[in-house]
Amino acid sequence: MDSATIRRDCTEAYDLALTSLTEGSEPPAAQVDRLRDALSGHLRALADVISEGAADAAPGPMRDVVTRALTLAKEALAQPVQGSAMDLMVTPQVARILLLMYEEPQVFDTSPELRALLEGVGGPADAG
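Parameters at a glance
- Residues numbered from 1 in each chain as written.
- Predicted model: local features only at pLDDT ≥ 70, side-chain atom pairs only at ≥ 80, totals over all residues.
- Heavy atoms only, no water.
- Axes fitted to C-alpha atoms, helices over the stretch in contact; angles between N-to-C directions.
- Helix = DSSP H or I, 4+ residues; strand = E, 2+ residues; numbered from the N terminus.
- Left-handed = near helix turned anticlockwise from the far one by under 90°.
- Contact = heavy atoms within 4.5 Å.
- Nonpolar A, V, L, I, M, F, W, Y, C, P; charged D, E, K, R; others polar.
- Patch = residues over 30% accessible without salt bridge, like charges linked within 9 Å, V, L, I, M, F, W, Y side chains within 5 Å.
- Areas by Shrake-Rupley, 256 points an atom, 1.4 Å probe, with all protein chains shown as cover.
- Salt bridge = Lys/Arg side-chain N within 4 Å of Asp/Glu carboxyl O.
- Expected span 1.5 Å × (residues − 1).
- Buried < 20%, exposed > 50% of the residue type's maximum accessible area, 1.4 Å probe, protein only.
- Core = buried A, V, L, I, M, F, W, Y, C linked by side-chain atoms within 4.5 Å.
- pLDDT = per-residue confidence, 0-100.

1. So, the packing of helix H3 (residues 61-78) against helix H4 (residues 91-103)
Where H3 contacts H4, the axes come no closer than 10 Å and their chain directions differ by 140 degrees. With respect to the hand of their crossing, H3 and H4 are arranged in left-handed fashion. Touching Val65, Val66, Ala69, Leu70, Leu72, Ala73 and Ala76 of H3 are Val94, Ile97, Leu98 and Met101, all from H4. Here the contact of H3 with H4 is built from residues that sort into 11 nonpolar, no polar and no charged.

This is the structure:
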């Protein structure tokens, strides 16, 4: 996963959408299409990785956060294409959330290392 590319695409897409809204202008359709396609690919890839990591996560508030973020990604991907800068408003924000979950899985209890550590200290990670 290329985090730098995901961040760059998120920033470019959101800035383009925001500029479009504040200035009342529409960016070139090819640029919107390119960014929408890139962000959709990033979202799908991130959602797949996060889903795999969260499958065995202990129930609780952090797992709920992960589940909600994955639902947001699914909903963002299901939005109909408008063919305008509006297509770029939500997806970058959801991609940033999933990227954080990917880069910092221990925070969201999706890390196999964290589960192994907890099991070694006090029994199964989901015991509580």
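2. Digging into a nonpolar patch on the surface
A cluster of nonpolar side chains, Met62, Val65 and Val107, forms an exposed patch at the surface whose accessible area comes to about 210 Å². The topology assignment puts Val65 in helix H3.

3. Quick notes on H4
Compared with an ideal rise of 1.5 Å per residue, which puts 13 residues at 18 Å, H4 spans 18 Å between its outermost C-alpha atoms and is within 8% of the ideal. Among the residues of H4, those classed as buried are Thr91, Pro92, Val94, Ala95, Leu98, Leu99 and Met101. Turning to H4, the residues buried within the fold contact helix H1 (3-23), helix H2 (29-54) and H3.

4. As for the nonpolar core
Of all hydrophobic cores here, the largest spans 27 residues; its most connected members are Leu43, Ile50, Val66, Leu70, Leu88, Leu98 and Met101. Within the residue set of this core, elements represented by two or more residues are H1, H2, H3 and H4. In this view, Ile50 contacts Val66, Leu70, Leu98, Met101 and Tyr102; residues no more than four positions away in its chain are not counted.

5. Considering the side chain of Ser20
Residue placement: Ser20 occurs in helix H1. By relative accessible area, which is 8% here, Ser20 ends up buried. What Ser20 contacts, discounting residues up to four positions off in sequence, is Ser25, Glu26, Pro27 and Ala85.

6. Points about the pattern of salt bridges
Under the counting rule described, the total for this entry stands at 5 salt bridges. A salt bridge links Arg8 to Asp9; the nearest nitrogen and oxygen atoms lie 3.4 Å apart. For Asp9, a relative accessible area of 5% translates into the label buried. Arg36 is the partner of Asp87 in a salt bridge, and the nearest nitrogen-oxygen pair spans 2.8 Å.

7. Describing the confidence of the model for the protein chain
The predicted model of the protein chain has a mean per-residue pLDDT of 84, with 84% of residues at 70 or higher. Across the protein chain, the secondary-structure element scoring lowest on mean pLDDT is helix H5 (residues 112-122), at 55, and the one scoring highest is H1, at 95. With pLDDT under 50 throughout, residues 122-128 is counted as low confidence; its partners more than four residues away or in other chains account for 8 contacts.

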